[in-house]
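Coordinates in review
As a plain string of letters, each chain reads:
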Amino acid sequence: MVATVANAGVKYTATTHVMHIDWQAPEGVGGATYEVQAVGSATVYSTQGTSIDITGLFPGDYTFQVTTVTADGRSNPAPTTPVNASIPPPQAPAWCYVSAWMATAVIFAMTLAAFLAWAAKADHRSTWAAIAWASGLLCLGLAIVNAISGRLAFWRVVVGADGRVSTSKLQPAMWTLLVMFVLVYFTALTWFGGEKGLFTSFLDSGSLTSNTSASAWASYLILLGGPFANLAIAKGMVTSKVSNGTLQKTVADDGTVALRHAITDDNGDIDLVDTQYLLFNLVAITYVIIGLATQNSLPVIPPLLLALTGTSAAAYTLNKALDQNAPTVNSIVPSSARAGDTVVINGSNFMPEDVNGRMPAVTIDGRQATVSHATDSQITTAVPPGTSTGARNVIVTTAAKVSTDATSMQIVADTPTIVAIQPPVPHLNQEITIDGTDFLSGLDGSKKVTVFFDNRDPQDANITALPNGIERVVVDVPPNVATAVDVAVKVRTTRGTETDPQNVTFAP
């Protein structure tokens, strides 16, 4: 029967983007490997310890399972409590909080000025009343959002789960603010001044179904509804791709929330599609504001401007549909290796954008391997000690918690062997030559071994690889080795494995 991790043994400690998990080892079980997996995720983290830090997590609730793997088999997963192990939302720099309240204060000042102008019975007092009420309600709404949103203030509305300003969220947020202001403004204008207000285009056209009114209002429905539709589509596609492992989405570090995220990719480079989408919408918003200020009515949107915003939205959606960067393993060199050997994994997308140097993880036969170097296309690692011989699966998991498909490599037995020792009867202080196999370690080959005489007098020596596949070691015989009796000579590799001892009789 396979032991399971104790029910009371799983503990969670969540900090920003990191989940620390501890558990208790089953009684009487040694040398076990533990697999940790989030419920609903395909990513498996393997460790031989009883704790693990899982980094780069998005804000939200997580439930993890711990499975014990021994030579006897696999346990049932440990209990999935507590289910409320949550990653807190990203923190933001002070400028988010300060700028949000400064913007609110400016709108409040505009509100106060409009109320004072209205109270002074200016010539256009109905217009001042409409501005006062519209800006006042907008100011109140922003103040409430700031109060309940913490340090991000109203920026939280446009910040995604990855801690970056979202292009798809920023567009509908800008249009929503503008439309809210316009609706309240024309409602107040109608109430206080008896003006036609919001309904000017309907009444002037003479028919609620006229082509003129339908065209004008259809334009605004497109300008407001298009960004919201793009937001829903983009979120759905990104969520699906992240869940399926075809898109790696990393989490920005604390304090990196910035408006530049709206026009840059995750690596901080300018994204042409995102920039175009934002700029065309800014032009359309500016056009509406100028028309509203000069005509005191909603302007008719030119077809060209409407086409530009529409095509940029379509390009943004298409870009999201085509965006993918799943990690892939193309080859493992060498394809056959021993435990302790260095291997190089070649492929693509091992270091997704903005991982801030976080290394990918490699498991070989479910055992965590040590990664010494990694680039986007190459990982240098070592076969973990104790890995069983035969065909074994290699899986790379990036810092974005996306795993590659399993790639097979051959693990061969680690059996360094002495073939011959020359001369047959060496003298003290004389050089001896030891020929053998499997002395070298790793892809590039460690060029050192240690030679023992009767399990003592260790002598470090260099390895020379001969053309016939034999590896040669030349070492000096220590002066205090016993003579006229058999002395056990053996070679220890840098992997920690040893040859069988070879008996040699030394002459004085």
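In the block above lies the structure referred to throughout.
Structure report, in brief. Keep in mind that what you see is a predicted model, and the values were worked out from it rather than measured.

Topic: the overall build of the protein
A count of helical and extended segments in the protein gives seven helices and 25 strands. Counting all 508 residues of the protein, 42% fall into the buried class. Considering only residue pairs separated by 6 or more positions, the protein has 63% of its internal contacts joining residues 24 or more positions apart. Accessible surface computed for the protein: about 24800 Å², of which carbon and sulfur atoms make up 59%.

Looking at the sheet that holds strand β10 (residues 328-333)
Whenever strands of a sheet pair, they do so through backbone hydrogen bonds, lying parallel or antiparallel. Spatially, the four strands line up as an open sheet ordered β10-β12-β16-β15, and their pairing is antiparallel. Pairing within the sheet leaves two strands with one partner each, and these edge strands are β10 and β15 (371-374). Shown here is a sheet whose adjacent strand axes are inclined to one another by a mean of 20°, direction ignored. Note: β15 against strand β16 (residues 378-382), three bridges, orientation antiparallel. Looking at β16, one finds that Ala 374 is bridged to Ile 379.

Structural notes on a nonpolar patch on the surface
On the surface, Trp 133, Leu 137, Leu 140, Ile 144, Ile 148, Trp 191 and Phe 192 cluster together to form a nonpolar patch covering roughly 810 Å² of accessible area. Mapped onto the nonpolar patch, the elements with two or more residues apiece are α2 (125-148) and α3 (167-193). The leading source of residues in the nonpolar patch is α2, at five residues. In this structure, Ile 144 sits in helix α2.

Remarks on the pattern of salt bridges
One pass over the full model with this rule turns up seven salt bridges. A salt bridge links Asp 438 to Arg 338; the shortest N-O distance between them is 3.2 Å. Pair noted here: Asp 438 is in the loop between β20 (431-437) and β21 (448-453) and Arg 338 is in the loop between β11 (336-337) and β12 (342-348), with a separation of 100 residues, a long-range link. The partly exposed category is assigned to Asp 438, whose relative accessible area is 27%. The salt bridge involving Arg 456 is made with Asp 457; its shortest N-O contact spans 2.8 Å. Three or more residues are tied together by salt bridges with common partners; here these are Arg 338, Asp 341 and Asp 438.

Details of the packing of aromatic side chains
Summed over all chains, the structure comprises seven aromatic pairs. Ring centres of Tyr 185 and Phe 186 lie 5.2 Å apart, and the angle between their planes is 65°; on these two criteria the pair is classed as edge-to-face. What makes Tyr 185 buried here is its relative accessible area of 5%. For Phe 186, a relative accessible area of 1% gives the class buried. Put simply, the rings of Phe 115, Trp 118 and Trp 133 touch in pairs and so form one group of aromatic residues. Over the aromatic face of Phe 452 sits the side chain of Lys 490, whose NZ or CZ is 6.0 Å from the ring centroid.

Here's the deal with the sheet that holds strand β17 (residues 390-397)
Read across the open sheet, the five strands follow the order β11-β18-β17-β13-β14; overall the sheet is mixed. The sheet is open, and its two borders are formed by β11 and β14 (367-369), each paired with just one other strand. Note that strand β13 (residues 361-364) and β14 share three bridges and pair antiparallel. Bridged to Thr 363 within β14 is Gln 368.

What to know about the pairing of strand β24 (residues 486-493)
In this sheet, β24 lies alongside β21 in antiparallel orientation, the contact comprising five bridges. Within β24, the residue paired with Phe 452 across the bridge is Lys 490. Judged from the four bridges that link them, β24 and strand β25 (residues 502-505) form a sheet pairing that is antiparallel. Within the sheet, the bridge partner assigned to Asp 486 lies in β25 and is Thr 505.

Description of the nonpolar core
In this structure, Trp 155, Trp 175, Tyr 185 and Ile 301 are the most contacted members of the largest nonpolar core, which totals 37 residues. Of all the secondary structure elements, the ones that give two or more residues to this core are α1 (94-119), α2, α3, α5 (211-244), α6 (272-295) and α7 (303-322). Phe 439, Val 449, Phe 453 and Val 477 belong to the second largest nonpolar core, which has 20 residues in total.

Notes on the environment of Asp 405
For Asp 405, the position within the fold is in the loop between β17 and β18 (407-411). For the pair Asp 405 and Val 394, spaced eleven residues apart in sequence, the C-alpha to C-alpha distance is 8.4 Å.

Observations concerning α1
The end-to-end C-alpha distance of α1, which contains 26 residues, comes to 37 Å, matching closely the 38 Å that a straight helix rising 1.5 Å per residue would cover. Just past α1, the residue Lys 121 takes up positive phi, approximately 55°.

A short note on the environment of Glu 431
Examined against the element boundaries, Glu 431 turns out to sit in strand β20. When neighbours within four sequence positions are excluded, Glu 431 is seen to be in contact with Pro 423, Val 474, Val 475 and Asp 476.

A look at α7
Taking 1.5 Å of rise per residue, 20 residues should cover 28 Å, and α7 covers 28 Å from first to last C-alpha, within 8% of that figure. Along α7, the positions that sit buried rather than exposed are Leu 305, Leu 306, Thr 309, Ser 312, Ala 313, Tyr 316, Thr 317 and Lys 320. Around the axis of α7, the buried residues are gathered within 135° of arc, so they sit on the same side. Pointing more than 90 degrees away from the buried face of α7 are the exposed residues Pro 303, Leu 304, Leu 318 and Leu 322.

A look at the environment of Thr 328
Examined against the element boundaries, Thr 328 turns out to sit in strand β10. Exposure remark for Thr 328: the relative accessible area of 34% places this residue in the partly exposed category. Placed 75 residues apart in sequence, Thr 328 and Ser 403 show a C-alpha to C-alpha distance of 8.6 Å. If we ignore the near neighbours within four places in the chain, the residues touching Thr 328 are Asn 346, Gly 347, Ser 348, Phe 350 and Thr 404.

Cut-off values and rules
- Residues numbered from 1 in each chain as written.
- Predicted model: local features only at pLDDT ≥ 70, side-chain atom pairs only at ≥ 80, totals over all residues.
- Heavy atoms only, no water.
- Helix = DSSP H or I, 4+ residues; strand = E, 2+ residues; numbered from the N terminus.
- Buried < 20%, exposed > 50% of the residue type's maximum accessible area, 1.4 Å probe, protein only.
- Contact = heavy atoms within 4.5 Å.
- Areas by Shrake-Rupley, 256 points an atom, 1.4 Å probe, with all protein chains shown as cover.
- Pairing = 2+ DSSP bridges.
- Axes fitted to C-alpha atoms, helices over the stretch in contact; angles between N-to-C directions.
- Patch = residues over 30% accessible without salt bridge, like charges linked within 9 Å, V, L, I, M, F, W, Y side chains within 5 Å.
- Salt bridge = Lys/Arg side-chain N within 4 Å of Asp/Glu carboxyl O.
- Phe/Tyr/Trp six-rings, centres within 6.5 Å; stacked < 30°, edge-to-face > 60°.
- Lys NZ or Arg CZ within 6 Å of the ring centre and 35° of its normal.
- Core = buried A, V, L, I, M, F, W, Y, C linked by side-chain atoms within 4.5 Å.
- Expected span 1.5 Å × (residues − 1).
- Arc of directions from axis to C-beta.

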